[in-house]
Amino acid sequence: MTFLNPMGLLLGVCLPVIILLYFRKKQVVEIKVSNIKLWDEVIEEVEGIRKRKLDRYLLLIIQLLIGLFLVFVFAHPIYLNKFNSSKVIIGLDVSISMNTNEKGKTHLDMAKDKIINYVNSAPKKTRYTLILLKKNSEVCLEEGIRDDVVRALRKVFSTKEYLDLQNAAYLLSKYDGEKVIVSDKSIMLGDKEIIVGKSLNNVGIVGADYDPYRNEVLCHIKNYCSKSKKIRVCMKSNTGKVDIQSIVVSSNMKETLFFSIDKKDSYVVFNIENKDDLEDDNSYILAFGDKYKKKVLYIGSNIFIKNALESILNLRFDILDKIAGKVQNYDAYIVENEIDISKLPQDASVWVMKPSIKMIEKSKEGLSKVVNKGSLFTKNLFKNGISAADVSILNYKSGYNSVLEVDNKPVMIYGLENGFKRIYSSIDFYKTDMVMKPDFPVFIYKTIEWLLDGYNRSYVSGDKIYFTNDKYKKADLFLWNKKIAEIKLNIPYILNETGIYTLKNQNEEIQSFVVNVPSKFIFGEEVRFESKNKSMKYGIIDLSNIFILLALFLLVIEWEVYKRGY
């Protein structure tokens, strides 16, 4: 048996008070009553207790036991089953929160100690599989013995990645045996759960934005502490401009700071100056210069689309009336004719404005009311209504959602096709009043934002990148100004460190992008699965309820002893 809250045992110093009260000399209080007949019966019943010293001390012992059990309840006693399985799968959390440092020891170091204690308590014949849980969980050791686990743990380090629950659950489910999850978070992925570390004393930056219209940058910060904190944030731009602001943030709340920048600035670095347990999320890079912006190619000639694209200041775009050969090196494409998709990369994100005949259910002549379905693109837009003439009704497409409808039939849909983003719309923007609405540029902005998955080239630790530029067979990858790797065509590279990256080929810059820590420690929903070994009992047994029941039982016994005078 062990205790989750050993400080609760300090309440045991109160037990001697029961003894002092028990032997304290009773004061006689004289009270006048009209009749003592009933009092005689009570005294006669109680005097039986005083006949023998054994009965008196028996009551004292029972009361001390009740007090002791209540002390145990406050200390939260548990019993941890010993390993009795021939196969044990250990899921070790190595995500960003495991870098938290408490009194000179990280949560990962605490987790390693716990694992070593566990394997030492297991039978020698037990075989272990060690899985590192992170964004892209991986197997570190398979079917190893106790000493193999100890050696493997020496080579394990924390990452700056978030924990992907679905990915972790999928990998864990591939292995049979007792599953033990060791983490500083309660994630419920196995048969046993070992939690390390205490409450998180941390404040962090969870994101940043650039407002090109006001020439401002926004820094979003969160207080993970149990109390309000005054957070001091320093912003430094690439041109050397420095600004420092402070703000009080309540417990588990987010706040935003606004900083003005110069027009020559292309990126800024935010730093929280407060000292806390987790330093990794105290820094954030926001890049907004032209070379960090994503590029869109519009193949068409609609003047309203051109004007809307020009209004998006944090976007780079090119316009072609038509294309003869294949095009690439753009982050998204807008095409007026679906036939042009064949000239685009297979993994391209595309908005098709004139779908092929096979996508059309029927055409409807005349003016029609267009219904806004309140999707990602049109939420809170076009509240006064919109209409369009001579629309084509689209066929329903599996896995797609409606954006705009006419007569309860879609005229604009969005979804994924072979894992890549697609939008189909059939409205002729020369024959609709929506282009005259003030919401139209916002509608285009939101639509392209979904297509691009954000306007800036920004990644988080653990993301994979692929070099797909057919013009070059390989490229050099630089972190800040230091070369760190050589990237080959279509071979993935995992981004582990935060900073500004640049892809170059013989000193020619191909692309620049930013890597930051994730805004959340965990992504995805918790996944529970049943153990395949039904005959075994796993987990931690909470003994608190048992001691509560024992204390209640002894209260009943105490009353009976007192009442019957045993």
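Refer to the structure printed above.
Structure report, in brief.

Calculation criteria
- Residues numbered from 1 in each chain as written.
- Predicted model: local features only at pLDDT ≥ 70, side-chain atom pairs only at ≥ 80, totals over all residues.
- Heavy atoms only, no water.
- Buried < 20%, exposed > 50% of the residue type's maximum accessible area, 1.4 Å probe, protein only.
- Helix = DSSP H or I, 4+ residues; strand = E, 2+ residues; numbered from the N terminus.
- Pairing = 2+ DSSP bridges.
- Axes fitted to C-alpha atoms, helices over the stretch in contact; angles between N-to-C directions.
- Arc of directions from axis to C-beta.
- Contact = heavy atoms within 4.5 Å.
- Polar contact = N/O pair within 3.5 Å; in protein donor to acceptor, adjacent residues only side chain to side chain.
- Salt bridge = Lys/Arg side-chain N within 4 Å of Asp/Glu carboxyl O.
- Patch = residues over 30% accessible without salt bridge, like charges linked within 9 Å, V, L, I, M, F, W, Y side chains within 5 Å.
- Areas by Shrake-Rupley, 256 points an atom, 1.4 Å probe, with all protein chains shown as cover.
- Phe/Tyr/Trp six-rings, centres within 6.5 Å; stacked < 30°, edge-to-face > 60°.
- Lys NZ or Arg CZ within 6 Å of the ring centre and 35° of its normal.

**Things to note about the pairing of strand β12 (residues 216–223)**
No. 1: For β12, the buried fraction is high: seven of the eight residues fall into the buried class.
No. 2: Pairing of strand β11 (residues 203–211) with β12 involves eight bridges; the strand directions are antiparallel. Looking across to β12, one finds that Gly 207 is bridged to His 220.
No. 3: Taken together, β11 and the strand that follows it, β12, pair antiparallel across an intervening segment of four residues, in which Asn 215 is found at a positive phi of about 55°.

**Examining the sheet that holds strand β30 (residues 482–488)**
No. 1: Strands sit in the order β27-β33-β32-β29-β30 across an open sheet of five strands; the sheet is mixed. Both outer strands of the open sheet, β27 (458–460) and β30, are each paired with one neighbouring strand and no more. Adjacent strand axes in the sheet meet at a mean angle of 30° when their direction is disregarded.
No. 2: Inspection of the sheet shows strand β29 (residues 474–479) paired to β30 by six bridges, in the antiparallel sense. For Asp 476, the partnering residue across the bridge sits in β30 and is Glu 486.

**As for helix α7 (residues 303–310)**
No. 1: Along α7, the residues classified as buried are Ile 305, Ala 308 and Leu 309. Around the axis of α7, the buried residues are gathered within 100° of arc, so they sit on the same side.
No. 2: Next to the buried residues of α7 lie β18 (295–299), β19 (316–320), β20 (332–335) and α8 (440–452).
No. 3: Measuring from the backbone nitrogen of Phe 304 back to the side-chain oxygen at the start of α7 gives 2.9 Å, which picks out Asn 302 as the cap.

**Some thoughts on unusual backbone geometry**
No. 1: The phi angle at Glu 143 is positive, at roughly 55°, despite the residue not being glycine.
No. 2: Tracing the chain through its elements places Glu 143 in strand β7 (residues 138–144).
No. 3: At Asn 252, a position not held by glycine, the phi torsion is positive, near 60°.
No. 4: For Asn 252, the location among the structural elements is in the loop between β14 (242–249) and β15 (254–260).

**What about the pattern of salt bridges?**
No. 1: Evaluated as defined, the whole model comprises 22 salt bridges.
No. 2: Residue Glu 178 is joined to Lys 192 by a salt bridge in which the shortest nitrogen-to-oxygen separation is 3.1 Å. Pair noted here: Glu 178 is in strand β9 (residues 178–183) and Lys 192 is in strand β10 (residues 192–195), with a separation of 14 residues, a long-range link.
No. 3: In this structure, the salt-bridge partner of Asp 331 is Arg 457, at a minimum N-O distance of 2.8 Å. Here Asp 331 is found in the loop between β19 and β20, whereas its partner Arg 457 is found in the loop between α8 and β27, with 126 residues between them in sequence.
No. 4: Through salt bridges that share partners, Asp 93, Asp 184 and Lys 185 make up one connected network.

**Details of a nonpolar patch on the surface**
No. 1: On the surface, a nonpolar cluster with roughly 360 Å² of combined accessible area is contributed by Ile 548, Leu 549, Leu 552 and Leu 555.
No. 2: The residue Leu 552 is located in helix α9 (residues 544–564) in this model.

**Overview of the packing of aromatic side chains**
No. 1: Scanning the entire structure with this criterion turns up 18 aromatic pairs.
No. 2: When the ring of Phe 72 is compared with that of Phe 547, the centres are 5.0 Å apart and the planes differ by 70°; the resulting orientation is edge-to-face. Taken together, the residues span a long stretch of sequence, with Phe 72 in helix α3 (residues 53–75) and Phe 547 in helix α9 at a distance of 475 residues. Neither residue differs from the other here; Phe 72 and Phe 547 are each classed as buried.
No. 3: When the ring centre of Trp 450 is taken as origin, the NZ or CZ atom of Lys 421, which lies over that ring, is 4.8 Å away.

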